[in-house]
Every structure is written in C-alpha cells, then in structure tokens.
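# Topology and contacts: notes
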Amino acid sequence: MSDVKARSKLIPLRRWWSMWTLSGVDHDAVLRQIAEDSGWSGRYLFLIVISAMISLLGLLMPSVAVLIGAMLLSPLMMPIIGLGFGIATVDTQEIRRSATALLVGSLIAVALSVVCVSLSPIQTITSEIAARTRPTLFDLLVALLSAVAGAYALIRGRGGAVVGVAIAIALMPPLVVVGFGIATLNWTVFAGSLLLFATNAITIALTAALVARLYGFGAHLSPQHTGWQLILFLVALSLLSIPLGAGLRQIAFESVAQRQVRDTITARFPEASRLGPLEVDYTATPIRIRAVIFTPQLNPTADRHLAADLRQRLKRPIDVHVDQLHVEPEDSGLEAAQIARANNASRSTDAERQRLAVASVALIAGIPPQEVQIDVDHRTLMATASTLPDLPMALYRLLEQRAAAGAPGWRVHIVPAADAALPSLNIKAGVIDDAALTLAAWASRRDARTLTVSGGSREQRLAVVAGLNARAGSAAEGDSKGKLRFEWASPTPS
C-alpha cells in the first residue's frame, strides 16, 4: 500500500518533468549529431595529432596558455560523450564506434608523445607535468560536474559550452604525460597520469549516460536496464574513488607533515636559530628528512630526539638528520661585539680591527684564526670552510656573505669544502638557470679550479660554458654523456 502511495506522489513530478524539460528536446537530432562527431574520421585524426603536439609543447615549456590552446581542440570529448549516449540507449553500434575512435585516438596521442619526448633534449618533469601525476577525488568531482554540463549543452543545442567543459577536464594533456612517462621510464608519472585520464574518460561517459536517461534517451528500455545502468555508474565511481581518495589523503598528510616537521625542528633549538633548506622524501620508507639549521648552540642529540618526536606526531617511521651550523646571534655575543668594535675606529687601532675581522671570519668558517689567510695590500681575508656533511654550495656562499658582514672594510673569500656538491643545472624553455650559473662561477673563482660542463647537447654545453666565463668563472666543454651537469675538471698532470 505504501508503494502505491509513493508512486502516486511521483506522478505529478514526472508530468512536470515531461512537460517543461523533455518536451523541448529533439532526441533524433541530438543522436544524429553525436553519431556524426563521435566516430573515426580524417578530421578527427588531424585534431588528435595537432592537439597532442600542442599539449606536449605546453607541458615541456611549461605554459598554461599553450595548454589551453590544446584543450580548445578537444578531439576526445565527442567519442567519450558518444560512448555515454550509446550506454544510455544500449546502442551497441554507437558504443563500438565511439570506443574504437577513443581507443585508437588515445594510442596515437601516446605513441606520438613517446617519439617526440625520446627525441627531445628536454626531459625534465615540469610543474605542469607534475600537476597531472597525482589525481585526487577533486579531479573526479570536476569530471562529473563537467560531464553534466557537456551533456546538457549537447542536448539543449548549446554546443559552444562544450569548449569550456573541455578546458575544465583537459583530456589530452594527461594522455601526453602518459607518453612522457613511457619515454623517460618514469612509472610513477605514467601511472598517475593514466589514472587521471581514466578517471576523466570513465566519469564523463557514465555521467553523460545518466544525464541522457534523465532527458528521455533510452525511453524504450525496461526498468531492469535502468537499474543496471545505475549500478554500473555507482560501481565505477566507487572503484575510482579508492585510489583517488588515497591520493587526496596523501597530499593532505604531506601538507600537514611539512608544517609539523618545520615546527618540531625549530622547537628543538634556541629561539635565535634559523632553519635553512628542508627536504622531505615522503616516498622513502622510513620517511627521509634532511635539514640545515643555523644555531648559536649545537645539540649533539638533536637527531635522536627529533626522530622520536616526529614518529610520535606523524605516526610513521622517520629517518632524520639535521646539519647544525654554529653561528652567533646577530644581536648579541662575540660576533656582534666584534662588528661593533671594528666599526668604532676611534677606539681601535688598525691592528685591532684586523684581529677582530680575522676572528669573525674564522668563527663563521669554523676554523682557527691562524688558518685565515690575510692579504693586507688588497684588504682580503681568505679561509677554507670546515667540512659540513651534506651542506649545499649555496650555503657556503651564504657563509661568505655572513663573514663579510662581520669584517667591515675587508673583502672576504670563503673557499667551500672539497666535498661540497656543485649545483644542479636545468634548462627550461631554452633558458639556462641563471642562479645555478652564478653559483657555479662563484665556486670556480673561490676554488681557483676549472669547471667542466658535460652532458646534454653541444649547443647547451657551449651556452653554459659561455655563461660561466661571462661571470668570471673558469669553464671548459666536457663529454656528451648523460644529462647536462657541472663537474670539476681533472688537474693537469705536471
């Protein structure tokens, strides 16, 4: 009896839907348009090739504007929507035609991407590539809402709106990233981008099928057909939600963990300490944390206590190491007193100011004062910094700047430790990393050694050598093996 009452209440709602919504839909015209645009054709192949090439350029440059240009072409959108309408009407011919066009077009885009990336001198993971390797539930929601808008636009004869939908879901860029992952043998990139493309394609197709049923397509089907279509929709979204939910959870964990790691490290040292570079590798087991901290008070047990604190806060196994660099507070202590005395000529002789400057440089370089080399004629102090494990070259240059501030009237040269790692060399969109060039040239001048530029193409090596020489560094061209990099030249045999 209750079922009969419930059905009777739904009758007015169905009448209203039929009168005000379904009455204005030309089902036959919509199906004809989909049949024309969802299958294989020469025009479709041309758009696949052009869209894939533009997407690849936009990803490697990287350029959002170029990627939007690729999205505007949107060749894969209609086969996916055609697949959805085929499912809605249980039209096996339309399903076969759309699925074939989608599969062949996708394979062509991936193959073209693999070939182009393999031939390209630029194979670095740009920000736009990385953005398409970690899909989350948000991407599923975007695809679902975009599919509703796209299906509605087609049904209501507002095809121009499909362009905006294509930009929102971006089908071609993830496919090109799949090819990038294959070409560079990076299976993390491959799996993440493939999951993003599958999420978009499946969600669009099934959501389009659901919207089509709501607008009266497949009205000849039985309630059993409708039930199976609804089950297919829910099961597919549930299966996709598992890895996407895990991805969202991991991103949320990393965001919180980064802040907790910084807070935990700084809390273990005096308030005057400053945290330098911080690197956290969440993919390692245990989680690998490396940091540098400038502190007026060294803590020999810091690593052990930090590992225990972070294990308790993050609930994960932790491998942590903090390189501690001893410095005096800027507003107190020996260094401030030395700087103040060095600036007060009326109360200090030249010999006293020199002694204070040498003491300041020695303190920051971590060496005894007698190891500082003094060139009185050129007012230059030179010191080779003590070895600090895993300290990057950039921080040795920072030490020099800090030492110079403590020795007014003197030029300070800090020579990096022998094991200091040279900076990485990247070229993005044909532009050489200026910061890496400047830092490498500084290291060459301070160590009085020649740098060899190896790997990459010859044009890239020559450009980097010219850039180093222009910055008063000493550089020479090396071999062509591997990626573009800096190396110290072997000493010339005497």
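Residues numbered from 1 in each chain as written. Predicted model: local features only at pLDDT ≥ 70, side-chain atom pairs only at ≥ 80, totals over all residues. Heavy atoms only, no water.

### Details of a nonpolar patch on the surface
Judged by side-chain polarity, Trp40, Leu45, Val49, Met53, Leu103, Val104 and Leu107 come together as a nonpolar surface patch covering roughly 580 Å² of accessible area. Going through the elements one at a time, α3 (42–60) and α6 (92–119) are the ones with two or more residues in the nonpolar patch. Of note, leucine 45 is situated in helix α3. With a relative accessible area of 32%, leucine 45 lands in the partly exposed category. (Patch = residues over 30% accessible without salt bridge, like charges linked within 9 Å, V, L, I, M, F, W, Y side chains within 5 Å. Areas by Shrake-Rupley, 256 points an atom, 1.4 Å probe, with all protein chains shown as cover. Salt bridge = Lys/Arg side-chain N within 4 Å of Asp/Glu carboxyl O. Helix = DSSP H or I, 4+ residues; strand = E, 2+ residues; numbered from the N terminus. Buried < 20%, exposed > 50% of the residue type's maximum accessible area, 1.4 Å probe, protein only.)

### Description of the sheet that holds strand β4 (residues 373–375)
Pairing is mixed in the open sheet, where three strands are placed in the order β4-β5-β6. At either end of the open sheet lies a strand with only one pairing partner, and these are β4 and β6 (411–415). Strand-to-strand twist of the sheet, defined as the mean angle between neighbouring strand axes without regard to direction, takes the value 15 degrees. Of the strand pairs in this sheet, strand β5 (residues 380–384) and β6 are connected by five bridges, and their pairing is parallel. What sits directly across from threonine 380, in β6, is arginine 411. (Pairing = 2+ DSSP bridges. Axes fitted to C-alpha atoms, helices over the stretch in contact; angles between N-to-C directions.)

### Quick word on the pattern of salt bridges
Enumeration according to the criterion identifies eleven salt bridges in this entry. Close ionic contact of glutamate 94 with arginine 97 constitutes a salt bridge, the shortest N to O distance being 2.1 Å. Here glutamate 94 and its partner arginine 97 are both found in helix α6, three residues apart, which amounts to about one turn of the helix. On the basis of relative accessibility, which here comes to 6%, the residue glutamate 94 falls in the buried class. A salt bridge links arginine 485 to aspartate 479; the shortest N-O distance between them is 3.7 Å. Beyond isolated ion pairs, a larger network of salt bridges with shared partners links Arg458, Arg461 and Glu477.

### Some points on the sheet that holds strand β3 (residues 318–326)
With mixed pairing, three strands are arranged side by side in an open sheet as β1-β2-β3. Both outer strands of the open sheet, β1 (274–281) and β3, are each paired with one neighbouring strand and no more. In this sheet, adjacent strand axes meet at a mean angle of 10 degrees when their direction is disregarded. Summarising the sheet, strand β2 (residues 287–295) and β3 pair through nine bridges and their orientation is parallel. Residue valine 292 lies in a different strand from β3, and its bridge partner there is aspartate 323. Strand contacts of helix α13 (residues 302–314): β2 and β3, with the helix running at about 140 degrees to β3, the strand carrying the most contacts. Relative to the sheet, helix α16 (residues 393–405) contacts β1, β2 and β3, its axis offset from that of β2 by approximately 10 degrees. (Contact = heavy atoms within 4.5 Å.)

### Topic: the packing of aromatic side chains
Tallied over the entire structure, the rule returns five aromatic pairs. Geometrically, the ring pair formed by phenylalanine 253 and tyrosine 282 is edge-to-face, given 6.2 Å between the ring centres and 75 degrees between the ring planes. With phenylalanine 253 in helix α12 (residues 223–267) and tyrosine 282 in the loop between β1 and β2, the pair connects residues that are 29 residues apart, well separated along the chain. Residue placement shows arginine 274 over the ring face of phenylalanine 294; its charged tip is 4.9 Å from the ring centre. The ring of phenylalanine 253 has arginine 316 lying over it, and the distance from NZ or CZ to the ring centre is 4.0 Å. (Phe/Tyr/Trp six-rings, centres within 6.5 Å; stacked < 30°, edge-to-face > 60°. Lys NZ or Arg CZ within 6 Å of the ring centre and 35° of its normal.)

### Notes on the nonpolar core
In this structure, Leu76, Phe85, Met172 and Phe217 are the most contacted members of the largest nonpolar core, which totals 56 residues. Sort the elements by how many residues they give to this core and helix α11 (residues 187–214) lands first, with ten residues. Leaving out residues up to four positions away in the same chain, phenylalanine 217 has contacts with Val25, His27, Val30, Leu31, Phe85, Ala88, Thr89, Ile155 and Ala212. With 43 residues, the next largest nonpolar core counts Val327, Ile414, Leu437 and Ala441 among its residues. (Core = buried A, V, L, I, M, F, W, Y, C linked by side-chain atoms within 4.5 Å.)

### Side note on the packing of α16 against helix α17 (residues 434–447)
It is at 10 Å that the axes of α16 and α17 come closest, and there the two elements cross at 65 degrees. Our classification of the angle between α16 and α17 gives roughly perpendicular. Crossing hand, α16 versus α17: left-handed. Along its contact with α16, which presents Met393, Ala394, Tyr396, Arg397 and Glu400, the element α17 presents Thr438, Leu439, Trp442, Ala443 and Arg446. The residue inventory of the contact of α16 with α17, partitioned by class, reads six nonpolar, one polar and three charged. (Parallel < 35°, antiparallel > 145°, perpendicular 65-115°, else oblique. Left-handed = near helix turned anticlockwise from the far one by under 90°. Nonpolar A, V, L, I, M, F, W, Y, C, P; charged D, E, K, R; others polar.)

### Points about the confidence of the model for the protein
Overall, the prediction assigns the protein a mean pLDDT of 80, with 84% of residues at 70 or greater. Taken element by element, the predicted model of the protein shows its lowest mean pLDDT in helix α14 (residues 333–343) (44) and its highest in α6 (94). Counting contacts from residues 331–348, a segment whose pLDDT is below 50, to residues more than four positions away or on other chains yields 24 contacts. (pLDDT = per-residue confidence, 0-100.)

### Quick word on the side chain of threonine 126
Note that threonine 126 resides in the loop between α6 and α7 (127–130). A polar side-chain atom of threonine 126 sits 2.5 Å from the main-chain carbonyl oxygen of leucine 59. Setting aside chain neighbours within four positions, we find threonine 126 in contact with Leu59, Leu60 and Pro62. (Polar contact = N/O pair within 3.5 Å; in protein donor to acceptor, adjacent residues only side chain to side chain.)

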